[in-house]
Amino acid sequence: MAYLIEQGIAPANILALTFTNKAAREMKERFISLIKDDHDPKSMKVLFAGTFHSFCVRILREFIEKLDYNKNFTIYDESDQIALLKQVIGKLAGANSDIDANKIKFLIGLAKNKGHEAPTAANGELAPQIFQRYQEGLKLRNAVDFDDLLLLAVRLMKEHPDVLDALRQRYRYLLVDEYQDTNQTQFEIVRLLASESKNICVVGDDDQSIYSWRGAESTHILEFGNFFPNAKTVKLEQNYRCTPNILKAANYVIKNNSKRHLKQLWADGADGDKIRLVASAGEQEEAAWVVAEILNRRRIDNLSWESFAILYRANHLSRTFELELRKFRIPYRVIGGLGFYERREVKDVVAYLQVIMNPSDDISLLRIINQPARGIGKVTLEELIRGAREAKHSIWEEVQLQRQRSGGRSQAGLEKFSDLIHRYHVRFQQETTWSQIMKDLLEEIGFFEDIRRTSKDNNEASSRCENVQEFVSSLAEFEQKREGTLQDFVDNLRLEQKEDKDEEKDGFGVTLMTLHAAKGLEFRHVFLVGVEEGILPHDRSKLEGNVEEERRLFYVGITRAMKGLVLSYCDKRRRYGQEEPRHPSSFLTELPQDVLEHISANSTLTEVKPEVAFDRFSALKAKLSASGR
DNA sequence: CTCTCGCCTGTTTTT
DNA sequence: CAGGCGAGAG
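Quick look at the structure, then. (Residues numbered from 1 in each chain as written. Chains lettered and ligands numbered in written order. Predicted model: local features only at pLDDT ≥ 70, side-chain atom pairs only at ≥ 80, totals over all residues. Heavy atoms only, no water.)

### Looking at the overall build of chain A
Regarding its fold elements, chain A presents 28 helices and 15 strands. Taken over the C-alpha trace, chain A has a radius of gyration of 27 Å; the compact-globule value for 629 residues is 25 Å, and the two agree within 12%. Summarising its shape, the C-alpha atoms of chain A cover approximately 80 × 65 × 55 Å along the three principal directions. The burial tally for chain A puts 51% of its 629 residues in the buried class. A sequence separation of at least 24 residues applies to 75% of the contacts in chain A between residues at least 6 apart. About 31,000 Å² of surface is accessible on chain A, with carbon and sulfur atoms providing 48% of the total. A gap of 2 Å separates the mean positions of the 91 positive and 96 negative side-chain charges of chain A. (Helix = DSSP H or I, 4+ residues; strand = E, 2+ residues; numbered from the N terminus. Rg over C-alpha atoms; globule rule 2.2 N^0.38 Å. Buried < 20%, exposed > 50% of the residue type's maximum accessible area, 1.4 Å probe, protein only. Contact = heavy atoms within 4.5 Å. Areas by Shrake-Rupley, 256 points an atom, 1.4 Å probe, with all protein chains shown as cover. Lys, Arg positive; Asp, Glu negative; His and termini not counted. Charge placed at Lys NZ, Arg CZ, Asp CG, Glu CD.)

### Side note on helix H22 (residues 458-481)
Spanning 24 residues, H22 covers 34 Å between terminal C-alpha atoms, matching the ideal 34 Å at 1.5 Å per step. In this structure, the buried side of H22 is in contact with helix H15 (344-357), helix H20 (434-445), helix H21 (447-454) and helix H23 (486-495). Among the residues trailing H22, Arg-482 stands out with phi positive, at a value near 50°. (Expected span 1.5 Å × (residues − 1).)

### What about the protein's contact with DNA strand B?
Contacts to DNA strand B come from 33 residues, most closely from Arg-313, His-316, Thr-380, Arg-453 and Tyr-576. Among atoms of DNA strand B positioned within 4 Å of the protein, sugar and phosphate together represent 50%. Backbone polar atom of Val-379 to a phosphate oxygen of DNA strand B: 3.4 Å apart, as the coordinates give it. His-516 places a polar side-chain atom, nitrogen or oxygen, 3.4 Å from a base oxygen of DNA strand B. (Near = heavy atom within 4 Å. Polar contact = N/O pair within 3.5 Å; in protein donor to acceptor, adjacent residues only side chain to side chain.)

### Let's talk about the sheet that holds strand S12 (residues 561-570)
One open sheet holds the seven strands; their spatial order is S9-S10-S8-S11-S12-S7-S15, and the pairing between them is parallel. Whereas interior strands pair on both sides, the edge strands pair on one side only; in this sheet they are strand S9 (332-334) and strand S15 (596-600). Sheet twist, expressed as the average angle between the axes of neighbouring strands with direction ignored, equals 20°. Where strand S8 (residues 308-312) lies against strand S10 (residues 510-514), four bridges are found, and the strand directions are parallel. In the sheet register, Leu-311 faces S10, and the bridge partner there is Met-513. In the packing of helix H12 (residues 244-254) onto the sheet, the strands contacted are strand S7 (275-280) and S12, and the crossing angle to S12 comes to about 50°. (Pairing = 2+ DSSP bridges. Axes fitted to C-alpha atoms, helices over the stretch in contact; angles between N-to-C directions.)

### Concerning the sheet that holds strand S1 (residues 14-18)
Where strands meet in a sheet, backbone hydrogen bonds hold them as pairs that are either parallel or antiparallel. Taking strand neighbours across the sheet as the criterion, the four strands line up as S2-S1-S5-S6 in an open arrangement whose pairing is parallel. Single-partner strands in this sheet number two, and they are strand S2 (48-51) and strand S6 (200-202). The sheet shows a mean angle of 15° between the axes of neighbouring strands, taken without regard to direction. Two elements, S1 and strand S5 (residues 173-176), share four bridges in a ladder whose sense is parallel. Paired with Ile-14 across the two strands is Tyr-173, which belongs to S5. Sheet contacts for helix H2 (residues 21-35): S1 and S2; angle to S1, the most-contacted strand, approximately 140°. Across the face of the sheet, helix H3 (residues 52-63) comes into contact with S1, S2 and S5 while running at roughly 115° to S2.

### Considering the protein's contact with DNA strand C
Residues in close proximity to DNA strand C include Lys-86, Arg-319 and Tyr-576, which together make up its full environment. Here a phosphate oxygen of DNA strand C and a side-chain polar atom of Lys-86 are 3.1 Å apart. At 3.3 Å, a side-chain N or O of Arg-319 approaches a phosphate oxygen of DNA strand C.

Encoded structure:
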């Protein structure tokens, strides 16, 4: 990107795509720091650097009317999808059918990611019908799901050559990061945009392909030359991040994969510290050891909290570490997991905004029509849904009909709700102080009182109220920056994990995140925790015969570390409130012994003694006898 | 119509 | 353990 700018290419003609918002942010930052001496960073705002999804939203908001959607379409997230699917399944198979909405959602996603119009019948007898009804349901609600964003963008470009042409004119230089993770649809987008100009540059590493479960195919990068025959390949084999010891460990692990593009990674400099393999009795001990080590290391080397990251395979593993960090009042941030906007109270507030902007959005409407309670109960709702279905219009329109008809206890409620949405719809259109309107709305419906009333305790109540307050202040902030419409605000919310607000200014503490989220990032000290058989590799991957992807995940984790790497596992772990025995990951046996140091978390930090010798059979034996007792 | 209680089920990874 | 959901009392 910096090179293109140096060559005099207009920033508006450059399009840079990534897979996560964090990676996009990181890319922008590094780019700005490269060019800031010669160019005004502000003039670079027209350069689009973002995720595939946010790029697609942008072009769809501009052109989607050509596909017979309304411009103010709503983006459905996972829970909205599930809600819609449950409706569809209920309609199709009866209320007490045992069809799992989650499974269907997964199948639909898989099909869409591969660019299919419908899942094949083999996926389950009802799946094709459900898929069809689901898609109709989205359309009816003027909504699109995450995968549709990509699919519709492709359709737009294919069916409307004038649009494609305009986009090609606009985005003349295309760059894609983490290209090994492109799925069929994303590949199609790239191909459509770049096939004429051939001004395309992609970066990727097949050893870091960790999204095949989302339809990513690393063949896209391996066969790049087939689509762009004059492509020039540049191998980046020197690693500037890790110490030779860490890189050696990574190389040893990854070479156990059979399906890969061979390369010789090397790193300069001193070997560095040994990699520490820490065994703990349980997750409490593991967390205690890790946090004590962070405290220690920070003091000794005079480091910032930001130098440390705790990485894990699955989100729920963050909990014990959060508790322990809190105990010592160490600042930290958790990436992912239950996102900010996924919290009940925040979702409710967002749903109000959605309905106000797009009343056809039944899913959001049903969420808030009786929230806080205004006398619209199950019976009324069923009537509304039935009426809407029969008349083939939205529930909102059905509300407009039924509020006229008198009788029934819910009448007043319907009247009130309908009037409320109308009034605020007008206000949001006419006034520009969105945050004030939002405050008025929350006040009028008694949202905070309702939260206090329905919360289990004071703690929960105040934290939920705070979340809503924070939402309102982020709205205020957005409004002050004048960076976009209210619709843009909601889009960002949907597509972006809520990041810590003061992340930019004074650091954000220790980072906790999944291995997937860590890709593309680096930390001075990495603690890769829960390295146990069944967690990494995950049990499910073994069933699905995809252990090699788990190994790549392990590889990604190892190579996030610049100087220090700790791999840690427990002998037992609580799961569903029940304690279970655990065993070290088989991946650990693939590590070169000479770069390892074995540590038992039972020994205190001041007197760290290397364990006798790591012998997994004796370790296993010890565990078996322990569990036997 | 509202609310509480207790049973149930699930936990991979992300936009 | 925790959040979702249905049943049943008020």
